[in-house]
Amino acid sequence: MEAIAILPLRSPRQGICPFQSLQKGTSCSLKISPCSSTNIIISSNRVSINFPSYTFPASNSVTRKQKKRWAFAISTMEVTCSRNSSVSDNRKLPWRRKRRSNDENPPSKSEEETDGNNHLRRLVRNGELGEGFRFLEKMVSSGEVVPDIVPCTNMIRGLCKIGKTREAATVLEILKQHGAVPDVITYNVLISAHCKTGAIDKALQLLDQMSVDPNVVTYNTLLRALCDCGKIDAAMELLDRQLDKECYPDAITYTILIEAMCRESGVDEAMKFLDEMRIRTGCNPDVVTCNVLINGICKEGRIDEAIKLLNEMPSTYGFQPNVITHNIILRSLCSTGRWMDAERLFVDMISKGCSPSVVTFSILINFLCRKGSLERAIDLLDKMPNYGLTPNSWCYNPLLHAFCQEKKIERAIQFLDRMVSQGCYPDIVTYNTLLTALCKDEKVDAAVELLNQLSHKKEKGCSPVLITYNTVIDGLSKVGKTEEALKLLDEMKEKGLRPDTVTYSTLVSGFSREGKVDKAINLFDEFEALHITPNANVYNSLIFGLCKARQTARAIDFLASMVDNGFIPNEVIYMILVEGMASEGLGKEALELLNELRARGFVKKISAQPVLHGRSPLAS
């Protein structure tokens, strides 16, 4: 049985004759292969295919995709053209395209695959990770598209940065399930994310599942995670596994392990490990590794050994100590009061060509300020430009703090003006230092003015923080300006700062001292509603204020609440309560309570004397 199919070819394919090239009355006969009995008869308006024994599906049931597939099947053929003559010269056939050398090998990616990966790349590049994730799932659902590793790795990195490690792991699974081969970078990104979130077990499982060899970055990531959580034994087992795989450690590996061993096992074990690894792998540590080791030695108080190692570094390890090496030892010498040795080391490092840094000077200036040698500290500050260095706030702040400690506020403000004129902008520590000094000196108006100036500053790192407001609120409350302090509470809330226990405790104490117990209780209720836990000072202040206002019954209620919340009243509170009862005409009851407190050991006899002799703590 024969079947005839009509193929409407709208665009010429290789080896297919377009209708436009046939003139009226012209026809071509195409044989699919020499051994095939199927012929294609092409006329000027249609193509007829004679199949010897095949039932062709009806035209309305043939999909467009199927038709394209049939047309592509005709790739090599013998062509005869009858126009009262046969044509054998290919150059006389205008529709015959010259075959390109690569036509026999189809491209490695389909157009659909290329377009899909390009679109995925654009989504990831634009940060549309959620849309990219959904598109990737849709793209691979057909089962014919192989995802590109590069955009998928970037997607994994982006998802991990925003904490979506589960989705990132899903992307990796999609890659493996649909013919893509993740590289070591892809695995490292996800392993690092698992380690940062504390999921070390998942990271180690992923290491076992890697389809490529892990590199030293992979192992360093895992080693750091294990060491950070104190699993030194597991880290050493992983190191042995790394060496068995012939993936040799680098200087970063040394640094990670030695830092952990100094912290967990002590410096001696760390140095022993360093010597063993040098023999086993032939890899020397770098200056960073030695700095970690010296830091560990200094923390154990063995500063002279640290200095000895510093001097032996060139001959033992083949490199010079850097400024960080010297800074570590200088800080230790200064913290133990060895100024002469610190000064000697400072001179020695300069003579060896190791230039000091701003940190070097800040260490020395801070020590001299704590020692009270302000003039020597100023002299060091003045010498910094000779070394090409500009002092920063870490150099000025110790001086300002020292001036404030000595109540030389004017001198501190002079240095504040100097640092600004030299292009060194104060940070929040600078302002907090000055505000604390002004409030201690009861110059609260100047403190409020400085706080207002600070609130309008645009510099980064100079916005008032919680401790800034707490300092000024405390200063105002202590001089009887609690109402003004309360306005600062509203201001800090408007700036998005959340008051803490210290904030409310200060305000409650201030209102209680001023006899404004109702406002104090309102504030107490407010911060309880915010789930801020009151401390003992809050209760003490309220009980004192209520007793002073002759509201002993309410004071007893707060005493009960205080005990319920786990706070133990001290002698002062008990004595205030006794005096409060006596001042309200409950002398008998007060005396009975006092005797009971003395019997139970809550109040000593000497503490009860002032009350027994009429000297009330409430009068103070």
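Residues numbered from 1 in each chain as written. Predicted model: local features only at pLDDT ≥ 70, side-chain atom pairs only at ≥ 80, totals over all residues. Heavy atoms only, no water.

Focus: the overall build of the protein
What counts here: Strands here mean DSSP runs of E at least two residues long; helices mean DSSP runs of H or I at least four residues long; both are numbered from the N terminus. Only protein chains enter the calculation, and the probe is 1.4 Å; a residue is then buried if its accessible area is under 20% of its type maximum, exposed if over 50%, and partly exposed in between. Residue contacts are defined here by distance: any two heavy atoms, one from each residue, within 4.5 Å place the two residues in contact.
In terms of helices and strands, the protein carries 30 helices and five strands. The buried share of the protein, reckoned over its 620 residues, is 44%. Across the protein, the fraction of contacts at a sequence separation of at least 24, relative to all contacts at a separation of at least 6, is 59%.

Topic: the packing of helix α12 (residues 287-299) against helix α13 (residues 303-317)
Between two packed helices, both the angle of their axes relative to each other and the distance between the axes serve to describe the pair. We count it as follows: Geometry is summarised by axes, namely lines fitted to C-alpha atoms with helices restricted to the contacting stretch, and by angles between N-to-C directions that run from 0 to 180 degrees. Roughly parallel covers angles under 35 degrees, roughly antiparallel covers those over 145, roughly perpendicular covers 65 to 115, and oblique covers all other angles. In a left-handed crossing the near helix is turned counterclockwise from the far helix by less than a right angle, and in a right-handed crossing that turn is clockwise.
The N-to-C vectors of α12 and α13 enclose an angle of 160°; their axes lie 10 Å apart at closest approach. Classified by the angle their axes make, α12 and α13 are roughly antiparallel. Between α12 and α13 the crossing geometry is right-handed. Between α12 and α13, the residues in contact are Val287, Cys290, Leu293, Ile294, Ile297 and Cys298 and Glu305, Ala306, Leu309, Leu310, Met313 and Tyr317, respectively.

Some points on the pattern of salt bridges
The criterion, for reference: Any Lys or Arg side-chain nitrogen located within 4 Å of an Asp or Glu carboxyl oxygen qualifies as a salt bridge.
Within the structure shown, the criterion is met by 27 salt bridges. Between Arg338 and Asp341 there is a salt bridge, with its nearest N and O atoms 2.9 Å apart. The partly exposed category is assigned to Asp341, whose relative accessible area is 24%. As a salt-bridge pair, Asp382 and Arg418 come within 2.5 Å of each other at their nearest N and O atoms. Taken together, the residues span a long stretch of sequence, with Asp382 in helix α17 (residues 374-383) and Arg418 in helix α19 (residues 409-421) at a distance of 36 residues. The partly exposed category is assigned to Asp382, whose relative accessible area is 40%.

Considerations on helix α7 (residues 200-209)
This is how it is decided: In this description, the arc belongs to the directions extending from the helix axis to the C-beta atoms.
By the burial criterion, the buried members of α7 are Ile200, Ala203, Leu206 and Leu207. For α7, the buried positions fall inside an angular range of 120° around the axis, keeping them on one side. Opposite its buried face, α7 presents the exposed residues Asp201, Lys202 and Asp208, each directed more than 90 degrees away. Turning to α7, the residues buried within the fold contact α5 (165-177), α6 (184-196), α8 (216-228) and α9 (232-244).

Let's talk about the packing of aromatic side chains
Selection rule: For Phe, Tyr and Trp, rings pair up if their centres lie within 6.5 Å, where Trp contributes its six-membered ring, and each pair is then called stacked (planes under 30 degrees apart), edge-to-face (over 60) or tilted (otherwise).
Using the criterion set out here, one finds ten aromatic pairs in the structure. Residues Tyr317 and Phe319 carry aromatic rings whose centres are separated by 6.0 Å and whose planes lie at 20° to one another, so their mutual orientation is stacked. Both residues of the pair, Tyr317 and Phe319, count as buried. A centroid spacing of 5.6 Å and a plane angle of 65° characterise the contact between Phe524 and Tyr539, whose relative ring orientation is edge-to-face. Here Phe524, found in helix α25 (residues 517-529), pairs with Tyr539, found in helix α26 (residues 536-548); they are 15 residues apart in sequence, far enough to count as distant. For the pair formed by Phe524 and Tyr539, the shared burial category is buried.

Focus: the confidence of the model for the protein
What counts is decided by this rule: Within a predicted model, pLDDT stands for the predictor's per-residue confidence, ranging from 0 to 100.
With 79% of its residues at a pLDDT of at least 70, the protein reaches an overall mean of 81. Between residues 1-109, whose pLDDT stays under 50, and residues either more than four places distant or in other chains, the model counts 139 contacts.

Remarks on the side chain of Asn327
We count it as follows: Contacts described as polar in this section are N or O atom pairs within 3.5 Å, which, within protein, must combine one atom able to donate a hydrogen with one able to accept it, while residues neighboring in sequence count only if both atoms come from side chains.
Mapping Asn327 onto the fold places it in helix α14 (residues 323-335). By relative accessible area, Asn327 is classed as buried at 6%. Separated by 3.4 Å, the side chains of Asn327 and Ser357 make a polar contact.

Focus: the packing of α19 against helix α20 (residues 428-440)
Note the threshold: All amino acids are sorted into three groups, where Ala, Val, Leu, Ile, Met, Phe, Trp, Tyr, Cys and Pro are nonpolar, Asp, Glu, Lys and Arg are charged, and the leftover types, Gly among them, are polar.
The N-to-C vectors of α19 and α20 enclose an angle of 160°; their axes lie 11 Å apart at closest approach. Between α19 and α20, the angle is such that the two are roughly antiparallel. Seen from above, α19 lies across α20 with left-handed handedness. On the side of α19, the interface is formed by Ile409, Ala412, Leu416 and Met419, while α20 contributes Thr430, Leu434, Ala437 and Leu438. Among the residues forming the contact of α19 with α20, the class breakdown is seven nonpolar, one polar and no charged.

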